[in-house]
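Single-letter residue listing:
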Amino acid sequence: MIAYDLIGQTPLVLLESFSDENVRIYAKLEQFNPGGSVKDRLGKYLVEIALEEGRVQVGDTIVEATAGNTGIGLAIAANRYNLNCVIFAPEGFSQEKISIMRALGAKIKRTAKDKGMIGAQQEASAYAEANDAVYMNQFETTHNPAAYTHTLGKQLTDALPHIDYFVAGAGSGGTFTGVAQHLRSFNVKNIIVEPEGSVLNGGEAHAHDIEGIGSEKWPVFLDKSLVDDIITVSDKLGFENVKRLAQQEGLLVGSSSGAALQGALEIKKRIDKGIIVTIFPDGSDRYMSKQIFDYKGE
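Predicted model, so just to flag it, every value in this text is computed and none were measured.

K.L.:
Go over the sheet that holds strand β8 (residues 189–195) with me, naming the residues and quoting the values.
P.N.:
One open sheet holds the six strands; their spatial order is β1-β2-β10-β7-β8-β9, and the pairing between them is mixed. This sheet does not close on itself; its edge strands, each paired only once, are β1 (12–14) and β9 (229–233). Along the sheet, successive strands turn relative to each other by an average axial angle of 25°, direction set aside. Two elements, strand β7 (residues 165–169) and strand β10 (residues 274–280), share three bridges in a ladder whose sense is parallel.

K.L.:
Got a sec to walk through the nonpolar core? Specific residues and values, please.
P.N.:
Core analysis: the biggest nonpolar cluster contains 49 residues, and I62, C85, M136, F166, F176 and I192 have the highest contact counts within it. Elements supplying a minimum of two residues to this core: α1 (39–53), α2 (69–80), β4 (84–90), α3 (95–103), α5 (143–159), β7, α6 (174–183) and β10. With six residues, the single largest contributor to this core is α2. Here this core gathers at least three residues from each of two domains, domain 1 (3–32 + 152–290) and domain 2 (39–135). In this structure, A27, L265, I267 and I271 belong to the second largest nonpolar core, which totals 29 residues.

K.L.:
Explain the UniProt feature "domain: Tryptophan synthase beta chain-like PALP" (unreviewed entry) in the protein chain residue by residue, including any values.
P.N.:
Following the UniProt record, the feature "domain: Tryptophan synthase beta chain-like PALP" (unreviewed entry) maps to residues 5–282 here. Each end of residues 5–282 is marked by a C-alpha atom, and these two atoms are 18 Å apart; helix forms 39% of the span and strand 19%.

K.L.:
So what's going on with the sheet that holds strand β3 (residues 61–65)? Which residues, and what values?
P.N.:
Strands sit in the order β5-β4-β3-β6 across an open sheet of four strands; the sheet is parallel. Looking at strand neighbours, the two that pair on one side only are β5 (107–111) and β6 (134–135), the edges of this open sheet. Strand direction decides the pairing type here: β4 and β5, joined by five bridges, are parallel. When the bridges of β5 are listed, V86 appears paired with K107. Strands in contact with α3 are β4 and β5; relative to β5, the strand with the most contacts, it is inclined by about 150°.

Parameters and conventions
- Residues numbered from 1 in each chain as written.
- Predicted model: local features only at pLDDT ≥ 70, side-chain atom pairs only at ≥ 80, totals over all residues.
- Heavy atoms only, no water.
- Pairing = 2+ DSSP bridges.
- Helix = DSSP H or I, 4+ residues; strand = E, 2+ residues; numbered from the N terminus.
- Axes fitted to C-alpha atoms, helices over the stretch in contact; angles between N-to-C directions.
- Core = buried A, V, L, I, M, F, W, Y, C linked by side-chain atoms within 4.5 Å.
- Buried < 20%, exposed > 50% of the residue type's maximum accessible area, 1.4 Å probe, protein only.
- Domains from an automatic or database assignment.
- UniProt positions renumbered as here; feature names shortened; annotations may be inferred.
- Contact = heavy atoms within 4.5 Å.

Following this line, the structure appears as structure tokens:
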């Protein structure tokens, strides 16, 4: 096995201190991917499908708008297949992710924080068109959810004989959609978790400190029929759960994982018995500069 083949080989663990004899909560630990997040799966899939379809050739340039994790996954795959990688990332996100992308050889272009991810997408698309590059467009390509349907989704049902609830954050919506499409045939209830400031639950868009999830508009490929409920989580609870997971489970995870746990705990309150599965997208190591373990809500 080579390092690239480790992508997708992540453990599923019981969250012992958050479970009881009636309701068990399991988490898929995506920080164990080589690039440290669930988006390694996406980067690998998007690059390989683009090569397969002939949209990308060796030596070409791929372009993406991302807060970081998708960019890391794309940079790893770009190196594997001798491609150039240009990332448009809004100011204000984790500096560690920017540093990791640069270490992997990606060229980084920062965009205005107040323009959000939509502004980064617009600049990435314009750059690709002007420079004869390929815009990967994670937020709109149907290849995004496909990256997870037969990998992450199938891994969950292979590992557990029965699942009652799937709870996951949604940013581009790809992870949730891909897994939910697989789980629907197993009669699993699929629950989205979003931070306050995301619009999926009807709230107004505004800045939030939980990174990696939340959307300024409904994702293009997110089929509403797949969504059984949406739980909105405050930054405060998300970051509190990061500390709880460290102290009670020995898991060092990012704020989107803290939000995912809160969503799972909300479901746990509603049921008498069942199996809840969630996704922990990445680790805390890439958020240390943002004081992830000492969040005060500034």
